[in-house]
Amino acid sequence: MATQCYDPENSASHYTLLPDQPDSGHRKSLKIISGIFLSVFLLLCVAFFPILNNQSPDLQIDSRSPAPPSRGVSQGVSDKTFRDVAGASHVSYAWSNAMLSWQRTAYHFQPQKNWMNDPNGPLYHKGWYHLFYQYNPDSAIWGNITWGHAVSKDLIHWLYLPFVMVPDQWYDINGVWTGSATILPDGQIMMLYTGDTDDYVQVQNLAYPANLSDPLLLDWVKYKGNPVLVPPPGIGVKDFRDPTTAWTGPQNGQWLLTIGSKIGKTGVALVYETSNFTSFKLLDGVLHAVPGTGMWECVDFYPVSTKKTNGLDTSYNGPGVKHVLKASLDDNKQDHYAIGTYDLAKNKWTPDNPELDCGIGLRLDYGKYYAPKTFYDPKKERRVLWGWIGETDSESADLQKGWASVSIPRTVLYDKKTGTHLLQWPVEEIESLRVGDPIVKQVDLQPGSIELLRVDSAAELDIEVSFEVDKVALQGIIEADHVGFSCSTSGGAASRGILGPFGVIVIADQTLSELTPVYFYISKGADGRAETHFCADQTRSSEAPGVGKQVYGSSVPVLDGEKHSMRLLVDHSIVESFAQGGRTVITSRIYPTKAVNGAARLFVFNNATGASVTASVKIWPLESANIRSFPLQDL
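Heads up: these notes are all about the structure in this document. Owing to the predicted nature of the structure, the values given are computational and were not obtained by experimental measurement. (Residues numbered from 1 in each chain as written. Predicted model: local features only at pLDDT ≥ 70, side-chain atom pairs only at ≥ 80, totals over all residues. Heavy atoms only, no water.)

## Looking at the overall build of the chain
Here is step 1: Along its length, the chain carries four helices and 35 strands.
Here is step 2: Of the contacts formed within the chain by residues at least 6 apart in sequence, a portion of 64% connects residues at least 24 apart. (Helix = DSSP H or I, 4+ residues; strand = E, 2+ residues; numbered from the N terminus. Contact = heavy atoms within 4.5 Å.)

Encoded structure:
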């Protein structure tokens, strides 16, 4: 097999082929030459081509701090402390202020400082999009959860507003937790949220705007009769949280909503009915339950159209409609969804495919993404998804930089081609940040090749790439040894197969000592059927210890006639990766030490051993979003 090595000084790769069995007439001279080349090759590849060498340089860092305590579990919510899979989250690194400043995102929403987590009660009101979010006003770690508030005209440029709810009553003194907004036909807004009481019981509370004529919704009133819901018999006092947006029931004036819980190890979605949002009745049975999935947090339930390309109001039901059930699993901190049929009269939801049921099938995002919530946007008739993108570094680093976690909106549609998946896609307003015409390039990538793509700044990019795999190789190769391939256990982009990996390398330094590949890998079994996997490899994203370095990903359907396509949003320490129009999505957090402050590079690569690939690339540099405080004189 020929071995190839990357020359980092040139934008196009040049290779020296080293035949395993040279011609006998030139054996002696080639042996000497090969020895020289082999020595040079080894030096170059160790230094410059970590795609072929999965080793990271040793770091002489001895600074350690005690492992951070669990945050949230004692109060009955999921642990908010990132714990590295290797158990090394307490290992600290000598981060410079320049490195930490570089990590702050340019167009993802985040507070000016301190900690944020779940997005809450998103809505559209009188020309403004409203985002509420869990926030710690005192620190960059979880605690003292208050509701932050921001507004935007376009979901991209945001204005920070004063807090709307603080933990100041017995029924929420230990935290104003996740909630959802329901907009009634007369325009009234009902905000139901979970409060943690003075004795750590999870209850549901009602709040509403003090002045609906105020487009900024600055002042909110907590209902004097709170709490409006307490844990029912058989449900633990710490297993009752996160009410959804309500939808209209079959009876006139009836509203229904669901709340996440568990019974033993079975995750359940309880359903309540109300006519006034101050008194509620628990309905018999549950909306749905899945054994073995544990506590369901942040349940979401909404319709999607199987015929049209627009989103639907939460109460919409009828022909041509499926319903999505999503749950955040407290046990593994993953969000799962399933598509199914909702019987409004019986108040039962049934998955289309029991093997893809909620909690055991498809994930909403295969990376660092949790507790998302959707809302219906009447302005553009779309369903918009907000998620919490947490940190995967140490708490000490977060405290040093003074902030933690971000969020960004996506649209959600039913995938009519597969009938099994949702399609998630960045909101179209992201495109308003694109600077000028795209950089367009077509690159022929032979097996083992890599090419630098020249951009002014590789830290803020919108990238669209489609790959066309050599048809002869794709149709003729059977790779039975790679049946059962998994992104998480594959060894990352350094693990080579006949038909993969191939993709894009983001936030890499010039020597490729730090890099984050996002790629496809095609496996084939003895039956000749191909399965495509979409992965994001963080194993060499940073030379710092104590940060997340997993390989994320899953399989993704690639239908007949489709090229392998991906879209990447690169924003400093965040990379959002969308495959095949958003069928599979991966969010990565990365913390480089070298590929920062103008040193970040962008590459395309093909590390397969037996198939060439043609990459068609479009790259847009992105401007920063304007995210700032609302002018005080206008409040």
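## Description of the environment of L192
Here is step 1: By the element assignment, L192 lies in strand β6 (residues 189–196).
Here is step 2: For L192, a relative accessible area of 4% corresponds to the buried category.
Here is step 3: In sequence terms L192 and A246 are 54 residues apart; their C-alpha atoms lie 9.5 Å from each other.
Here is step 4: Not counting chain neighbours up to four residues away, the residues in contact with L192 comprise G179, S180, N205, L206, V228, P243, L257, F277 and F280. (Buried < 20%, exposed > 50% of the residue type's maximum accessible area, 1.4 Å probe, protein only.)

## Brief notes about the packing of aromatic side chains
Here is step 1: Across all of its chains, the model carries 28 aromatic pairs by this definition.
Here is step 2: Members of the aromatic cluster, joined through ring pairs, are F109, Y133, Y135, W158, Y160, F163 and W386.
Here is step 3: Its end group placed over the ring of W128, K153 keeps NZ or CZ at 4.5 Å from the ring centre.
Here is step 4: Lying across the ring of W620, R434 places its NZ or CZ 3.6 Å from the centre. (Phe/Tyr/Trp six-rings, centres within 6.5 Å; stacked < 30°, edge-to-face > 60°. Lys NZ or Arg CZ within 6 Å of the ring centre and 35° of its normal.)

## Points about the pattern of salt bridges
Any two side chains of opposite charge can pair, so long as their charged atoms come close to each other.
Here is step 1: Inspection of every chain in the model, using the stated rule, returns 28 salt bridges.
Here is step 2: Taking the shortest distance from any N to any O, the salt bridge between K222 and D172 comes out at 2.6 Å. Placement of K222 in strand β8 (residues 220–222) and of D172 in the loop between β4 (158–165) and β5 (176–183) is noted, with a sequence separation of 50 residues between them.
Here is step 3: Residue class for D172 comes out buried when judged on its relative accessible area of 0%.
Here is step 4: When salt bridges with common partners are traced through the structure, they connect D377, K380, R382, E428 and E429 into a single cluster. (Salt bridge = Lys/Arg side-chain N within 4 Å of Asp/Glu carboxyl O.)

## Here's the deal with the state of the cysteines
Here is step 1: Scanning all chains against the criterion turns up one disulfide.
Here is step 2: A sulfur-sulfur separation of 2.1 Å characterises the disulfide bridge that pairs C487 with C535. The S-S bond linking C487 to C535 shows a torsion near -70°; that makes this disulfide left-handed. Placement of the pair is C487 in the loop between α4 (471–476) and β26 (502–508) and C535 in strand β28 (residues 530–537), with a sequence separation of 48 residues. (Disulfide = S-S within 2.5 Å.)

## Quick look at the side chain of S261
Here is step 1: Mapped onto the elements, S261 comes out in strand β10 (residues 255–263).
Here is step 2: According to the relative accessible area criterion, S261 is buried, its value standing at 0%.
Here is step 3: In this structure, S261 is in contact with I235, D239, T266, G267, V268, L270, G294, M295 and W296, ignoring residues within four places of it in sequence.

## Re unusual backbone geometry
Here is step 1: That bond from N226 to P227 is cis: its omega, 0°, falls within 30 degrees of zero.
Here is step 2: The step from G500 to P501 runs through a cis peptide bond, and the omega angle for that step is 10°.
Here is step 3: Along the polypeptide, P501 turns up in the loop between α4 and β26.
Here is step 4: The phi dihedral of F277 is positive, around 65°, even though this residue is not glycine.
Here is step 5: The buried category is assigned to F277, whose relative accessible area is 1%.
Here is step 6: Notably, K333 is not glycine yet its phi reads approximately 60°, a positive angle.
Here is step 7: Within the secondary structure layout, K333 lies in the loop between β15 (321–329) and β16 (334–343).

## Regarding the sheet that holds strand β3 (residues 146–152)
Pairing between the strands of a sheet comes from backbone hydrogen bonds, and it takes one of two forms, parallel or antiparallel.
Here is step 1: Across the sheet, which stays open at both edges, the six strands sit in the order β20-β1-β2-β3-β4-β35 with mixed pairing between neighbours. Where the open sheet ends on each side, the last strands, each with one partner, are β20 (403–404) and β35 (627–629).
Here is step 2: With seven bridges connecting them, strand β2 (residues 128–136) and β3 associate as antiparallel partners. Residue pairing in the sheet places Y129 in a bridge with S152 of β3. (Pairing = 2+ DSSP bridges.)

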